[in-house]
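Per-entry structural report
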Amino acid sequence: MAAAGRTASSFERACVDVVEAALLGGRVGQRFDAVVVDVDERDGVDRGQVVLRDPAVQARVDGASLPLGERVKVTLAEASVRDRAVRFTLP
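Please read all numbers here as calculations on a predicted model, not as lab measurements. (Residues numbered from 1 in each chain as written. Predicted model: local features only at pLDDT ≥ 70, side-chain atom pairs only at ≥ 80, totals over all residues. Heavy atoms only, no water.)

As a further point, take unusual backbone geometry. Working note: non-glycine residues mostly have negative phi, and peptide bonds are mostly trans. Residues aspartate 54 and proline 55 are joined by a peptide bond in cis, for which omega reads 0°. Checked against the element boundaries, proline 55 lands in the loop between β2 (45–52) and β3 (58–63). Positive phi, normally seen in glycine, also occurs at serine 65, with a value near 55°. The topology assignment puts serine 65 in the loop between β3 and β4 (71–80). Overall, serine 65 belongs to the exposed group, its relative accessible area being 62%. At arginine 84, a position not held by glycine, the phi torsion is positive, near 50°. Considering the arrangement of structural elements, one finds arginine 84 in the loop between β4 and β5 (85–90). (Helix = DSSP H or I, 4+ residues; strand = E, 2+ residues; numbered from the N terminus. Buried < 20%, exposed > 50% of the residue type's maximum accessible area, 1.4 Å probe, protein only.)

Laid out in structure tokens, this is it:
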């Protein structure tokens, strides 16, 4: 049952990723209000997760010195339905 639960969660996340990428597909280069909710500092580059205010999207963000828990303006760098990927940058 645990394996089935993991498979279902993975499928649900993939579906959400596709919808988010489709929603943002024509907006690459635009800036959005967001909050940094997770930070992973490795190799001198911060990677993390942001949650947008509008539209309600959670996605990866790359940048230097990501301020965990703070509001920021991020730029949409990638929105690929094929790759199920949405990525932002923090200038």
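After that view, the rundown keeps rolling.
Attention now goes to the side chain of threonine 75. Inspection of the secondary structure puts threonine 75 in strand β4. The buried category is assigned to threonine 75, whose relative accessible area is 17%. If sequence neighbours within four positions are ignored, threonine 75 has contacts with Gly29, Gln30, Arg31, Arg87, Phe88, Thr89 and Pro91. (Contact = heavy atoms within 4.5 Å.)

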